[in-house]
Amino acid sequence: MDDMNHDLLDCLIIGGGAAGLTAAVYLGRYRRRVLVLDAGDSRLKWIPRTRNVPGFPEGIEGPELLERMRQHARVYDVPIEQVLVDALRREPDGSFVAQAGERSWRARFVIYATGARDVVPEGVDGFHDGLSAGQVRFCPVCDGFETQGQRVAVLGKAGHGLRESLFIAGFGNEVTWLAMASKDDVDPPDLEQLREAGVRIADSPPQQIECGVGSGVRVKLRNGQLLEFDTLYPALGITHACGLAAALGARAQADGQLEVDAHQQTAVDGLYAAGDVAVDLNQIAVATGHAAIAATAIHNRL
Ligand SMILES: Cc1cc2nc3c(=O)[nH]c(=O)nc-3n(C[C@H](O)[C@H](O)[C@H](O)COP(=O)(O)OP(=O)(O)OC[C@H]3O[C@@H](n4cnc5c(N)ncnc54)[C@H](O)[C@@H]3O)c2cc1C
């Protein structure tokens, strides 16, 4: 415990993606003692090339952006430890202790920036190749623009699949909703909306989906019909990685999205959340904005 007292940090940042690394830069520049604990699985790694990050008119590959953000944090001597934090607790004096196996770190404040995960469809052949080739996409807010003039399939049930199909259809493409259900299961007002937006509903649920580099997406329906698309959007939802914060008493919605106040503080005093874990608009710009707000709020309390 003496060692931990000696090493009392100003802030621990759990998660070293877009939000965590931005918080590291801000707190480093505020000359605070901080440490990033990161399991190394940022969603940035999945982005073939992002084109909506301000300052990169030609776009930038996700892994390269991640590496630049890490370098940026190191400029201010913020250490980044590659570990998966498996427990977070509060000491009687109000400080926080994060634990990873036998190791632990203690700090007055925590920024929780653990991100979110897209639900990946099962049984799609060549899924990862399709993802790196931009044939499988997860985020129409990010890259719907790139689907102009394309044949696009949306794989998602009920409300989520419906909303995503309508949203994507706004980009001047040809959208087919692989509803995973019969057309008869869609409410008449929804059917009308889909018709107005020009979205087709596949005649039967998909049986097999296949992606291949440069060869588009082939879908075999249960009725035997074969369809071809340029792009597939799985729309199966997202889960927010809220576990450690929720266990400390932070409030979360049913899908795990953490509730925060205007300064990004959760329901637990001193525990802040930033990025995908605390928002439904999963964007780099939002994550970095959150992090700037949280880091500055903490700096002002130290
Ligand atoms: C295919 C794809 C394309 C995208 N395209 C774009 C785009 O073009 N533009 C855009 O703005 N956004 C895009 N996004 C979204 C963008 O990647 C995210 O919004 C952004 O990465 C969120 O940053 P974050 O810091 O909240 O989470 P992340 O960047 O995911 O980082 C979270 C980090 O926390 C770590 N972590 C989790 N739990 C723990 C733990 N217990 N202990 C330690 N570390 C932990 C993870 O390993 C990870 O490194 C895309 C996402 C995907 C999947």
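In what follows, the structure referred to is the one given above.
The sections below set out a description of the structure shown in this document. Please read all numbers here as calculations on a predicted model, not as lab measurements.

The subject of this paragraph is the pairing of strand β9 (residues 151–155). Within β9, 4 of the 5 residues are buried, which leaves the element mostly enclosed by the surrounding structure. Pairing analysis gives 5 bridges linking β9 to strand β10 (residues 174–178), with the strands arranged parallel. Each bridged residue has a counterpart across the sheet, and for Val 154 the counterpart in β10 is Trp 177. Each parallel crossover has a hand, and for β9 linked through helix α6 (residues 158–168) to β10 it is right-handed. Sheet topology note: the β9/strand β15 (residues 231–234) ladder contains 4 bridges and is parallel. In the sheet register, Leu 155 faces β15, and the bridge partner there is Pro 234.

Applying the stated criterion to the full structure yields 1 disulfide. Bridging Cys 139 to Cys 142, the disulfide has an S-S length of 2.0 Å. Around the S-S axis, the bridge from Cys 139 to Cys 142 shows a dihedral of about 75° and counts as right-handed. Take Cys 139: its relative accessible area is 15%, and that puts it in the buried class. Look at Cys 142 and you get partly exposed, because its relative accessible area is 27%. A disulfide-free cysteine, Cys 11 has its sulfur positioned 19 Å from the sulfur of Cys 242, the nearest such atom. In this structure Cys 211 is not part of a disulfide, and its nearest cysteine sulfur, from Cys 139, lies 18 Å away. Residue class for Cys 211 comes out buried when judged on its relative accessible area of 7%.

Here is what the cut-offs are and how they apply
Residues numbered from 1 in each chain as written. Predicted model: local features only at pLDDT ≥ 70, side-chain atom pairs only at ≥ 80, totals over all residues. Heavy atoms only, no water. Buried < 20%, exposed > 50% of the residue type's maximum accessible area, 1.4 Å probe, protein only. Helix = DSSP H or I, 4+ residues; strand = E, 2+ residues; numbered from the N terminus. Pairing = 2+ DSSP bridges. Right-handed = clockwise from strand over helix to strand, strands pointing away. Disulfide = S-S within 2.5 Å.

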